[in-house]
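Residue strings, one per chain:
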Amino acid sequence: MRILLTGTSGQVGGALLPYLSERFDVLAPRRDQFDLTVPERLPSELDRLRPDLIVNPAAFTSVERAEDEPELALVVNAEAPRAMARWAARHDVPLVHFSTDYVFDGSGETPWREDDACNPLSAYGRSKWEGERAVQASGASHLIIRTSWVYAAAGNDFLRTIIRQAKEQDELRVVADQFGAPTSAASIGRSVSAIIAQHPSPRELSASFARAGGVVHLANSGSTSRHGFASSIVEGLRARGQAIKARRVRATTTSEYPSRVRRPANSRLDLTRPREVFGVVTPSWQEALASELDLLGGGE
Ligand SMILES: NC(=O)c1ccc[n+]([C@@H]2O[C@H](COP(=O)([O-])OP(=O)(O)OC[C@H]3O[C@@H](n4cnc5c(N)ncnc54)[C@H](OP(=O)(O)O)[C@@H]3O)[C@@H](O)[C@H]2O)c1
């Protein structure tokens, strides 16, 4: 199977690349070769590449910048997936597309199920939801994978920010009223490649995608607050003998940080469907964090 994998310079695409390359012929064009800001060029690129499966983690992921550039976020997160999905429908090629907890409004405390109503609060969330709807409307066989709070040892994200602050500051201040599952890109890479590898052909893959209703939630199991995640990072660094200046991680509230971006307070994702349909059980967020911190070693 020839797989077109986008976004390999990013966290999820970068994590998927080694797993998928072990078993499949992976095409991983650079951004300048497969540019999602120019959706009208994608069909001819796809004609040239002729994949049997498209896996699309590439996205406009800066939630702050999306508030300033909502049109560009829509092009990359909705119009480009629409173009890919229409091509996929015409050529009977299945599409795996990534989405986010930000399609939900974060109300309540129970984990979101795949069929719960979407009501995004931010420009980023709206662009990702629009992308989901474009993929669903295309007629292509698809699996939309919603995940949450992604980080990677090699990334430039919440994990890195907390590590830097823990080394430079006496006290960290982190919000304790947003809940979700921190999810390592490596866990996503392993689970998604296992889902793909279970199926000997694109046809079987399409049948499973249909059984999943075209949408699945995938995250590390369990949940915590941003503050709980930051505290575990700091404790984990200390346990690994890293030089930490921070003596305290203070719990704050979202309202103390005026922001143009409204983030969901409840980002917990229900993980029943990936277990039932694909037999995928992800490690807990604590286990995944321990693995990532081990990878960092003493090299910070
Ligand atoms: N990060 C999170 O916390 C999170 C949470 C939930 C869901 N998700 C979803 O998970 C998926 C993967 O996220 P991630 O964390 O891996 O994102 P990421 O690390 O920010 O990587 C995004 C990737 O998309 C590429 N890209 C951006 N604009 C592009 C364009 N115009 N044309 C081609 N490629 C472009 C980037 O390339 P460059 O390196 O060239 O910019 C990069 O490889 C996304 O769909 C995201 O919405 C992420």
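Below is a short write-up of the structure. (Residues numbered from 1 in each chain as written. Predicted model: local features only at pLDDT ≥ 70, side-chain atom pairs only at ≥ 80, totals over all residues. Heavy atoms only, no water.)

## Things to note about the overall build of the chain
Then comes step 1: If you tally the helices and strands in the chain, you get eleven helices and twelve strands.
Then comes step 2: Relative to the compact-globule value of 19 Å for 300 residues, the chain shows a C-alpha radius of gyration of 19 Å, a close match.
Then comes step 3: Taking the principal axes of the C-alpha coordinates as reference, the chain spans close to 55 × 40 × 40 Å.
Then comes step 4: Counting over 300 residues, the chain shows a buried share of 53%.
Then comes step 5: Contacts in the chain between residues at least 24 apart in sequence constitute 81% of all its contacts with a sequence separation of at least 6.
Then comes step 6: Approximately 13300 Å² of the chain is accessible, and the part contributed by carbon and sulfur atoms is 47%.
Then comes step 7: Looking at the chain, you have 36 positive and 37 negative side-chain charges, and the mean spots of the two groups are 2 Å apart. (Helix = DSSP H or I, 4+ residues; strand = E, 2+ residues; numbered from the N terminus. Rg over C-alpha atoms; globule rule 2.2 N^0.38 Å. Buried < 20%, exposed > 50% of the residue type's maximum accessible area, 1.4 Å probe, protein only. Contact = heavy atoms within 4.5 Å. Areas by Shrake-Rupley, 256 points an atom, 1.4 Å probe, with all protein chains shown as cover. Lys, Arg positive; Asp, Glu negative; His and termini not counted. Charge placed at Lys NZ, Arg CZ, Asp CG, Glu CD.)

## Observations concerning the pattern of salt bridges
Then comes step 1: Scanning all chains against the criterion turns up 16 salt bridges.
Then comes step 2: R273 is the partner of D115 in a salt bridge, and the nearest nitrogen-oxygen pair spans 3.0 Å. Within this pair, whereas D115 is found in the loop between β4 (95–100) and α5 (123–137), its partner R273 is found in helix α10 (residues 272–278), the two being separated by 158 residues in sequence.
Then comes step 3: With a closest N to O distance of 2.8 Å, E132 and R146 form a salt bridge. In this pair, E132 is assigned in helix α5 and R146 in strand β5 (residues 142–147), connecting sequence segments 14 residues apart. Residue E132 shares its accessibility class with R146, and that shared class is buried.
Then comes step 4: Taken together, the salt bridges that share partners define one network made up of E114, D115 and R273. (Salt bridge = Lys/Arg side-chain N within 4 Å of Asp/Glu carboxyl O.)

## Re the environment of D25
Then comes step 1: In this structure, D25 sits in strand β2 (residues 25–27).
Then comes step 2: For the pair D25 and M1, spaced 24 residues apart in the sequence, the C-alpha separation amounts to 6.3 Å.
Then comes step 3: Look past the residues within four positions of D25 in its chain and what remains in contact with it is M1, R2 and I3.

## Side note on the site of the ligand
Then comes step 1: Taken together, 24 residues form the shell around the ligand, and within it S9, R31, T61, Y124 and K128 come nearest.
Then comes step 2: Protein chains shield 81% of the accessible area of the ligand, which is 900 Å² for the free molecule.
Then comes step 3: Of all elements in the fold, only α1 (11–23), β4 and α5 reach the threshold of two or more residues within the shell around the ligand.
Then comes step 4: Classifying every residue of the shell around the ligand by side-chain character gives ten nonpolar, ten polar and four charged. (Near = heavy atom within 4 Å. Nonpolar A, V, L, I, M, F, W, Y, C, P; charged D, E, K, R; others polar.)

## Let's talk about the sheet that holds strand β3 (residues 53–56)
Then comes step 1: Read across the open sheet, the six strands follow the order β2-β1-β3-β4-β5-β10; overall the sheet is parallel. In this open sheet, the two strands that pair with only one neighbour each are β2 and β10 (215–217). Averaged over all pairs of adjacent strands, the angle between strand axes in this sheet comes to 25°, irrespective of strand direction.
Then comes step 2: As paired strands, β3 and β4 are joined by three bridges and run parallel to one another. In the strand pairing of β4, I54 is matched with L95.
Then comes step 3: Strands β1 (2–5), β2, β3 and β4 of the sheet are contacted by α1, whose axis makes an angle of about 165° with β1. (Pairing = 2+ DSSP bridges. Axes fitted to C-alpha atoms, helices over the stretch in contact; angles between N-to-C directions.)

## Thoughts on the packing of aromatic side chains
Then comes step 1: According to the stated counting rule, one finds five aromatic pairs in the structure shown.
Then comes step 2: Taken together, a centroid distance of 4.5 Å and an interplanar angle of 5° make the contact between F104 and W112 stacked.
Then comes step 3: For F104, a relative accessible area of 0% puts it in the buried group.
Then comes step 4: In this structure W112 comes out as buried when scored by relative accessible area, which is 10%.
Then comes step 5: Judged by centre distance (5.3 Å) and plane angle (10°), the ring pair of F158 and F229 falls under stacked. Of this pair, F158 sits in helix α6 (residues 158–168) while F229 sits in helix α9 (residues 226–239), placing them 71 residues apart in sequence.
Then comes step 6: Relative accessible area serves as the criterion here: at 22%, F158 is assigned to the partly exposed category.
Then comes step 7: Judged by relative accessible area, F229 falls into the buried class, the value being 2%.
Then comes step 8: Residue placement shows R133 over the ring face of W129; its charged tip is 4.0 Å from the ring centre.
Then comes step 9: Above the plane of the ring of F158 lies R226, whose end atom (NZ or CZ) is 5.6 Å from the centre. (Phe/Tyr/Trp six-rings, centres within 6.5 Å; stacked < 30°, edge-to-face > 60°. Lys NZ or Arg CZ within 6 Å of the ring centre and 35° of its normal.)

## Some remarks on unusual backbone geometry
Both trends apply: most residues other than glycine have a negative phi, and most peptide bonds are in trans.
Then comes step 1: For R50, which is not a glycine, the phi torsion comes out positive at approximately 50°.
Then comes step 2: Here W149, not a glycine, exhibits a phi torsion of approximately 45°, which is positive.
Then comes step 3: Here W149 is to be found in the loop between β5 and β6 (150–151).
Then comes step 4: The exposure class assigned to W149 is buried, which follows from its relative accessible area of 9%.

## Brief notes about α1
Then comes step 1: Of all the bends in α1, the largest measures some 30° and sits at L17, one to four residues before the proline P18.
Then comes step 2: V12, G13, A15, L16 and L20 are the residues of α1 that are buried.
Then comes step 3: In this structure, the buried side of α1 is in contact with β1, β2, β3, β4, β6 and α7 (185–197). (Bend = angle between axes of the 7 residues up to and from the residue.)

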